[in-house]
Amino acid sequence: QVQLVESGGGLVQAGGSLRLSCAASGRIISIDVMGWYRQAPGRQRELVSTITSSLNTNYADSVKGRFTISRDNAKNTVYLQMNNLKPDDTAVYYCNLRRLRDDVWGQGTQVTVSS
């Protein structure tokens, strides 16, 4: 059973940067897609970015050019570098692993951007 543990959230001023990390325990295989989602108060959880084992990436339009996802397959870890943060980026960020139709979620890490 894969488990995901996020770290790196916090409080930052608008224009600042944060780096989130997600460490996966258990067996990770090549078909696994890892990514980040976020959920702001009163809103649905939304996709931020995903990355495959072959390092193909996908981003939500709202974060393109500001966020960068990366993956270290040897360490079973995925990262999200967030630059030029905006107050609208405030949310709980969740790490996700998708294996075919099955999803594994981390516990979430809070990111708060002050104006």
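Keep in mind it's a predicted model, so treat the numbers as computed, not measured.

Summed over all chains, the structure comprises two aromatic pairs. Judged by centre distance (5.1 Å) and plane angle (75°), the rings of Tyr37 and Trp105 are edge-to-face. Within this pair, whereas Tyr37 is found in strand β4 (residues 33-39), its partner Trp105 is found in strand β10 (residues 102-105), the two being separated by 68 residues in sequence. On the basis of relative accessible area, Trp105 is assigned to the partly exposed category, the value being 33%. Ring centres of Tyr94 and Trp105 lie 6.5 Å apart, and the angle between their planes is 90°; on these two criteria the pair is classed as edge-to-face. Highlighted residues: Tyr94 in strand β9 (residues 91-99) and Trp105 in strand β10, separated in sequence by 11 residues. Members of the aromatic cluster, joined through ring pairs, are Tyr37, Tyr94 and Trp105. If you follow Arg19 out to its NZ or CZ, it ends over the ring of Tyr79, 4.1 Å from the centre.

The next point concerns the nonpolar core. Membership of the largest hydrophobic core comes to 29 residues, with the highest contact counts inside it found for Leu4, Trp36, Leu80, Met82 and Tyr93. Elements supplying a minimum of two residues to this core: β3 (18-25), β4, β5 (46-51), β7 (67-72), β8 (77-82), β9 and β11 (109-114).

Conventions we followed
- Residues numbered from 1 in each chain as written.
- Predicted model: local features only at pLDDT ≥ 70, side-chain atom pairs only at ≥ 80, totals over all residues.
- Heavy atoms only, no water.
- Phe/Tyr/Trp six-rings, centres within 6.5 Å; stacked < 30°, edge-to-face > 60°.
- Helix = DSSP H or I, 4+ residues; strand = E, 2+ residues; numbered from the N terminus.
- Buried < 20%, exposed > 50% of the residue type's maximum accessible area, 1.4 Å probe, protein only.
- Lys NZ or Arg CZ within 6 Å of the ring centre and 35° of its normal.
- Core = buried A, V, L, I, M, F, W, Y, C linked by side-chain atoms within 4.5 Å.

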